[in-house]
Structures are given as structure tokens and as C-alpha cells.
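# Summary of structural features
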Protein chains: 2
Amino acid sequence: MRTTGEILRETREALPTLVSSRDLKNEALRAISARLISETDNILKANRADVEAAGELYGSVMIDRLTLTEERIKDMAEGVIKVAELPDPEGRILSRVERPNGMVIEKTAVPLGVVAIIYESRPNVTSDAAVLALKSGNAVILRGGREAYRSNEAIVRAIHLGLRDAGLPEALVGFIEDTDHRSADELMEAVGLVDMLIPRGGAGLIRRCVERAKVPCIQTGTGICHVYADASADLDMTLDIVENAKTSRPSVCNAEEVLLVHKDIAKELLPRLKERLVDQRQAKDLVPVELRLDEKAREIISGTPAGPEDFDTEFLDYILAVAVVNDVDQAIAHIAAHSTGHSEAIITNDASNADKFTTLVDSAAVYVNCSTRFTDGGEFGLGCEMGISTQKLHARGPMGLEELTTYKYVIKGNGQTR
Amino acid sequence: MRTTGEILRETREALPTLVSSRDLKNEALRAISARLISETDNILKANRADVEAAGELYGSVMIDRLTLTEERIKDMAEGVIKVAELPDPEGRILSRVERPNGMVIEKTAVPLGVVAIIYESRPNVTSDAAVLALKSGNAVILRGGREAYRSNEAIVRAIHLGLRDAGLPEALVGFIEDTDHRSADELMEAVGLVDMLIPRGGAGLIRRCVERAKVPCIQTGTGICHVYADASADLDMTLDIVENAKTSRPSVCNAEEVLLVHKDIAKELLPRLKERLVDQRQAKDLVPVELRLDEKAREIISGTPAGPEDFDTEFLDYILAVAVVNDVDQAIAHIAAHSTGHSEAIITNDASNADKFTTLVDSAAVYVNCSTRFTDGGEFGLGCEMGISTQKLHARGPMGLEELTTYKYVIKGNGQTR
């Protein structure tokens, strides 16, 4: 087994070849796509071994995330072609000034260098992350979860074959062979070898990265998302949005976890909410939503009494914490105290309250009259995403290709001195 | 004395007032400028006490940095007015898309929130940092050095009076009263209270921040800047640029520390370099530059033999490390191994080597045929600067007002669900 340090150094050394071969990038992506198809049998075989080993240890949601099919591999390969067709994020001139002394200063988008990603379960992240990194001119270090090791390794083999087909070094996509905690810690501390670290996974992994990382790190994903129904909210719209935000895919980070209701509409809205999310879903044989209610909400409808921790929990499940608030200011203050800065929505017909909410709520995405579920690179028109940043430095919200670049100033003169 | 924690919480609580009072920002800056003038006597008195106390402990360069005069305070006040006149970096629409479902997504520049700065000696940083932060809609936490404590306190008093004149809370500019290491460490760990930390000072402070900080931190300043004289370099231009880059202000981060010379021009260039930087300067009663030469350079001229550490040292002094290289590739490789990513220059008449150098050298500013000394917010036309970032995430190179903002996505719909 090669050590994490060896892999990091090989990838760093391969980087200049990519930087000076921008014209080969799309050719490499097309070759990778073809190799994913031609390697399908090997990938499926490796995946079956992972799934069998996982079967005894993990639940069905995890098994579903882990399992590959011929169809899913075809989707991965098609995804690679779509990324190849996106505009090149490298080399964009972000600004250009000619100074009075004749110097021309161009602020130019350039790759970050080596991007590392630590992720769990889903093997398709292996090809998504590698391909987004390559398209933006970066080398990449992949460190997947133990449970998907064989699948990831087989996918990386296809990627390496594709790179070789295009005449690029395999080391541009470095695959960490060691899947215990130590290798993740080594990535967090690889100053000078890793230019950006993206942890994609559970809250524990992300916390560990933020606390330990000595390399630049992007905090991603955790979403305690709020919907606030204002006094003037259209109640039908509110119910549609809350049902969508809560139940269309409760396990994802942009799902709603908390509903705040203005006191003036609580008496009318809450009984209808219970009917929609509990009674009607039960009648349709769908999983009913467990409502965890604050004291004021419990005066109107029945449900589980909410403990204080319920307003600070990313449930990722059919559970919704509900509180009644006095006005938009109290809603904004509640969000400031409890949000993770991911996505929040206001449902209102009052333009000045909408304005106040979008101005004062300090989250990556702030919605007026639509569902929080739209926070996603594809839905935002970015074409793809590497993860969703909940921090404010460098990138915020869905990270597409542009967020995988930095810039440099290139200054041309003819002898200017200061 | 108020604790650092108390000050941080007060500033965080004051922030929403600023976010919802964008229209008052410039009024506040003008009031601060006026108060700096009207408080001149108090500031000078406090500064004299700092200078007297420092006199026994520090050298003359430090005393010069610390000392304020009526003229310098007037410059500070005028600097504030200039910042007030710059365009507002808040509220810029960075992109706008209307999605097929009718949702409108605006990527909008917004303040970061609370920006903290840890700095040393120069009291004018107090007003510069506060004013840049306020102009970009941020609250600020100032933590200056012990040796300038009284001066900083007096300047902050003027700023607080100006804020009060404009009807804004004083706590928007938080001044840390404790100047020992503990308060700096508290800022580095103030997760949720500090949105961006900028250390401005010596290499030790910056290293400590990068290693300890749990809040987002910008690595600034350290500059081991290289000038590479290519085979086709104009020798007169090279000498002008090297003299400027090395001697115009050796104590600053954009000064040259290393000269790399192509072997084909070394025999002609190096004797002229010695004449220009050593002999002519001595004749003019200027400080001569100490040349620290690698083996090949010592075959051509005399000088101090360079130890390996000389190519990894930010001298900030009249010292220049000199090495002879075989070609542009070796120069680029040397820079990759030894640079801090600040500023590098190539002197050449070969367009393809210039292109290779600007593409492969991975620094904030890469120059062709001009001096590294231009890496500066004012010289780049940004109007001002908060510091010079040598990292790649969020901001690179001089940080002006735009670099003190982040963005949020504001999405408006009429009931869209996913």
C-alpha cells in the first residue's frame, strides 16, 4: 500500500502537466467517460463485493446509496460528458485595468491546484469530484469511505485509463488507499500539498475538519433550514411549500427542519398543516411527519412537545419542529440563533417583510415564496456541484466549477518601477 | 476591563443595525473623519505616552512606525473621506438568472459580518481597518499591539464619537482591551462570533493564526518575492527593476528577496549588479545591498556565500540572495519550491517564456517586465487595502472593499416547489 504522503507528493508533482495542458482537459474527460462504460463489468463486480460486505453492517438507505447498477454507471459516464461541455472556468479575465504608468493588470481565474475531498458511501462522488476538479484545471485527491473502497478503486482505475488515453499523468487523480481516520487527518494537515479540502459527509466529519484542518477547508452541507410563514402568507402556498421542503427528500441538507408561524395565522394554518402532513399522508400510506411543537403551537394542535434541542437538530427525517412567533423580527432572531446558514424561506405577501427577511437572514440561500429544496448546483443553473458551502469565505451555497478556481493578477509592463 | 468575550458579543449584537442602515454608512465615515481631526490633541497625547514607553524597548524603525504627528492624523482623516467616496461594495448583483420555473435567482454581494484584525505597531491601521470594514457593511474587532495601546484607544474613541454622531452603535467597532496572547487566541477560536480573521504582522503571528484559528482566517503578507532575469532580458531594465524592487523599501512584503539569473547573461549582468547595488550605493552614501551568492554566482562576482536558508528567508533588509539557473523551467521550479506565493517577476523579451512564467508560477501577482513593488491595493487601483492575501481561498493579493464581502443567493418565486 502506498502511503498518503507518497500519493500527495505524486499528485502535486503531476500538477504542472495539467496547468500547461488546458487544451487536453476535455479530451481527457471524454476518454474517462468512455472508460467508465468499458469498465462497467469490473466496477459492478467490485461494487457487489462492497455491497455484500456492507449488508451485514448497514441499513437499507446506506445500501441504496452504495449500490451501483449498469444504469447508474451509464448516468455517471453521461454526467462526465455534460461537464466536458460546460464553459471552461479557467482563464476568465475577471477584471482588466491599464494603469496611468502603462502597466496592464489582469485579474485572471486560475485553478486552485490540488483539491482534496473526503466523502462517504456514494461511489458516484468519485467520478463527479474527479471530473469537476479536472475540468477546472485542478488535480484531485480522493479519500472515500471504507464501505465503498472496492467500488471507488474500480472507478478510479477507469479514470486513470482515461487520463492515460489522453496523454495525461494518472497521478492527477490521487486515490488514498488508507481509509482509517489517520489518512483523513493527514489530508487536513497537508500544508503546501493540498490547496482546498472539501469534507462531504456527516456532521462529525465536517466538525472534525473545521477543528483540525491546517489546510484551507470548506465547511459544507449541514442544513437546519427554516420556513417562516408570515402574517400575510398564502396558506395554500405555505402548505405546498412546507410539504415539499419537508417530505420530498428528508435526508438531504436542503430539506426543511423548522417551521416558524406568525401568531396571527397559527390558528388557521396549524390544523391544516397537521391534516396535510400527518392525516392525509397516513391515509395515502405515506410516512406521516412527526410534528414537534412549541408551547404556543400545542395550544392549537396536538403533537410531540418540542424540547429545546429540537430547534438545533438536523433531523434528516420525517420530523418537523414547529414554533409560533410574534412577527418577522422574532422569526429572523430565531433563525440567527439556530440556523446553520444553509437555506431559509419566508412565505409572505408583504414586500417590506420579504425585504427585511432577505436582508437580515445571513444564510447562503434566502427564499421568498419558494421551497428551500432548490439549493443545488443543478437547480441554480451551475450545471453541477462539488458540495454546498455553509461558510462565507471563498464560496457560499452550491459550489460549481467557478468555485473550484482562484485568481491571480498577471501584470505586464515595459520596465515600470515604483 | 471588559473581557474579549463581552466585546465580541456586543459587536455581534450591534451588527444587524448596520446591515439595515446601509444609507448611514458614508455619513458615519464623514463624522469619523471630522472626529479624528477634532480629537487630534488627545490622540497625540496618547501617542506620546506610547512612544515614551516604547523608547527604551524598541529600535528606531519601530518608533517611526508608532509615532503620530498632526500631519499623519490629517492623512488618516483624509483617507477616511476617500474611502467614503468609493463605490459601495455591498448589494452588487454578481449574477442573475431566471429559471424555467419562473424563480429569479440573484447572487448578491453582502458583508461578511464581523471582521477581526490582529495587528502590530502602526496606529493608523486602527482607522484604516475600521473604516474599510464599515464601508463594506461589516462590524469590526480591533486587536492592536501593546506598544500602541494608548494611541489605538484614542483613535477608537474618535471613531466611536463619529459613529454616535451618525446614530450608529459604538459597538460596531469593538476594541479589545486585553493585549496579551490570550486575547489573540480567543479571537482565533471565536466560532460564530468572528466571520473573518485577518492577522497583519510578523511571520510568527501569521503562523500562529493559520495553525490555531478555528474561525475563517486570511493568511497575509509574508513575501519571499523573486525576480528572474531571463536569457533575453534587457540588462538596463533588469538593473532598474532589481534596484527598485530591492531597495525602494526593503521592509515591506512586496520587496524582492531573491534574484534568479539565466546562465547565459550571468557573466554580463552580475558584475553590473554588484556595481549598481553595492559600489554605486556606497559612493552615494546609501546602504549597500549585501549579496548572498550561490556557487555559480560566486564564480563571477564576490559576495557572501549563500547558505540554503538564504533562499527561504524574508530578509526585509538590504540583503539579496542570488542564484544562477539554467533556464526558465529551473527558475519556475526554484520559485515553486521557495516562494510564499506573494509576488514574482520575469524580465524577458521572449513572449513564450513570459507566457510560461505567468502560467506556471502560482503566486498572487506575477509580473512581466516590472517591479514586484506594485503589489498594493492603491497601485492596483482598488483605492485602499486591508492586507495582502498570500492564500488562494476567498481573496488573493491586495484585499480591497470587495474582498471584505461575501455573497448570498436571494431567490424570489410565487410558490415554486421541487
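Residues numbered from 1 in each chain as written. Chains lettered and ligands numbered in written order. Predicted model: local features only at pLDDT ≥ 70, side-chain atom pairs only at ≥ 80, totals over all residues.

## What to know about the domain arrangement of chain A
By the assigned domains, chain A splits into domain 1 (4–218 + 399–412) and domain 2 (225–374). When each unit is reduced to the centre of its C-alpha atoms, the spacing between domain 1 of chain A and domain 2 of chain A is 36 Å. (Domains from an automatic or database assignment.)

## Looking at the interface of chain B and chain A
At the junction of the two partners, chain B supplies 57 residues and chain A supplies 57 residues. Elements with a contribution of two residues or more to the side of chain B that touches chain A: helix 1 (4–19), helix 9 (203–212), helix 10 (235–247), helix 14 (351–360), strand 13 (365–370) and strand 16 (405–416) of chain B. Broken down by element, the residue count for the side of chain B that touches chain A peaks at 11 residues, all from strand 16 of chain B. For the side of chain B that touches chain A, the class distribution of residues is 25 nonpolar, 19 polar and 13 charged. As judged from the 5 bridges shared by strand 13 (residues 365–370) of chain A and strand 16 of chain B, these two strands associate in the parallel manner. Paired with valine 366 of chain A across the bridge in strand 16 of chain B is valine 410 of chain B. (Contact = placed C-beta atoms within 7 Å. Helix = DSSP H or I, 4+ residues; strand = E, 2+ residues; numbered from the N terminus. Nonpolar A, V, L, I, M, F, W, Y, C, P; charged D, E, K, R; others polar. Pairing = 2+ DSSP bridges.)

## Topic: the environment of valine 366 of chain B
Here valine 366 of chain B is to be found in strand 13. A sequence separation of 304 residues divides valine 366 of chain B from methionine 62 of chain B, and the C-alpha atoms of the two residues are 30 Å apart. Excluding anything up to four places from it in sequence, valine 366 of chain B contacts Lys408 and Val410 of chain A together with Glu344, Phe357, Thr358 and Val361 of chain B.

## Here's the deal with the relation of the copies chain B and chain A
Screw-axis analysis of chain B against chain A gives a translation of 0.0 Å along the axis, an RMSD of 0.0 Å, and a rotation angle of 180°. What the superposition gives is, in effect, a two-fold axis relating one chain to the other. Relative to the rotation axis, the closest C-alpha in chain B is found at histidine 394 of chain B, a distance of 1.7 Å. The overlap is high: 100% of the interface residues of chain B also sit at the interface in chain A, so the same surface is used on both sides. (Least-squares fit on C-alpha atoms with pLDDT ≥ 70 in both.)

## Considerations on the sheet that holds strand 12 (residues 343–347) of chain B
Read across the open sheet, the 10 strands follow the order 1(A)-2(A)-16(A)-13(B)-12(B)-7(B)-8(B)-11(B)-9(B)-10(B); overall the sheet is mixed. Looking at the sheet topology across the chains shown, the edges are occupied by strand 1 (93–98) of chain A together with strand 10 (304–305) of chain B. Its contacts with the sheet put helix 11 (residues 263–283) of chain B on strand 7 (225–229), strand 8 (256–262), strand 9 (290–293) and strand 11 (319–325) of chain B, and the angle it makes with strand 8 of chain B is roughly 145°. (Axes fitted to C-alpha atoms, helices over the stretch in contact; angles between N-to-C directions.)

## Considerations on helix 2 (residues 25–38) of chain A
Each α-helix turn comprises 3.6 residues. Residues three or four places apart therefore point the same way. For helix 2 of chain A, built from 14 residues, the straight-helix expectation of 20 Å at 1.5 Å per residue is met to within 8% by its first-to-last C-alpha distance of 20 Å. Buried-residue contacts for helix 2 of chain A involve helix 5 (70–85), helix 6 (124–135) and helix 7 (149–165) of chain A. (Expected span 1.5 Å × (residues − 1).)

## Here we look at unusual backbone geometry
The phi torsion at leucine 316 of chain A lies on the positive side, around 55°, for a residue other than glycine. Note on leucine 316 of chain A: 18 C-beta atoms within 10 Å, which makes it partly exposed. (Buried ≥ 20, exposed ≤ 12 C-beta atoms within 10 Å, placed from the backbone.)

## A word on the environment of glutamate 120 of chain B
Residue and element names in this part refer to chain B. Structurally, glutamate 120 is set in the loop between strand 3 (114–119) and helix 6 (124–135). Its 18 C-beta neighbours within 10 Å are what place glutamate 120 among the partly exposed residues. Residues glutamate 120 and aspartate 88, spaced 32 residues apart in sequence, show a C-alpha to C-alpha distance of 28 Å. Apart from residues no more than four positions distant in its own chain, glutamate 120 is found in contact with Gly145, Gly201 and Gly202.

## Here we look at the sheet that holds strand 5 (residues 173–175) of chain A
Residue and element names in this part refer to chain A. Spatially, 4 strands are ordered 5-4-3-6 in an open sheet, and the strand pairing comes out parallel. In this open sheet, the two strands that pair with only one neighbour each are strand 5 and strand 6 (196–200). Between one strand axis and the next, the sheet turns by 20° as a mean value, whatever way the strands run. As defined by bridge partners, strand 4 (residues 139–143) adjoins strand 5 across 3 bridges and the pair is classed as parallel. What sits directly across from isoleucine 141, in strand 5, is glycine 174. Along the sheet, helix 7 contacts strand 4 and strand 5; its crossing angle with strand 5, the most-contacted strand, is approximately 155°.

## Topic: the packing of helix 10 of chain B against helix 11 of chain B
All names here are of chain B. Look at helix 10 against helix 11: their axes get within 10 Å of each other, and the N-to-C directions meet at 45°. By the angle between their axes, helix 10 is oblique relative to helix 11. Handedness of the helix 10/helix 11 crossing: right-handed. Together, Leu235, Thr238, Leu239, Val242, Glu243 and Lys246 of helix 10 and Ile265, Glu268, Leu269, Arg272, Leu273, Arg276 and Leu277 of helix 11 make up the contact between the two elements. Tallied by class, residues from the contact of helix 10 with helix 11 come to 7 nonpolar, 1 polar and 5 charged. (Parallel < 35°, antiparallel > 145°, perpendicular 65-115°, else oblique. Left-handed = near helix turned anticlockwise from the far one by under 90°.)

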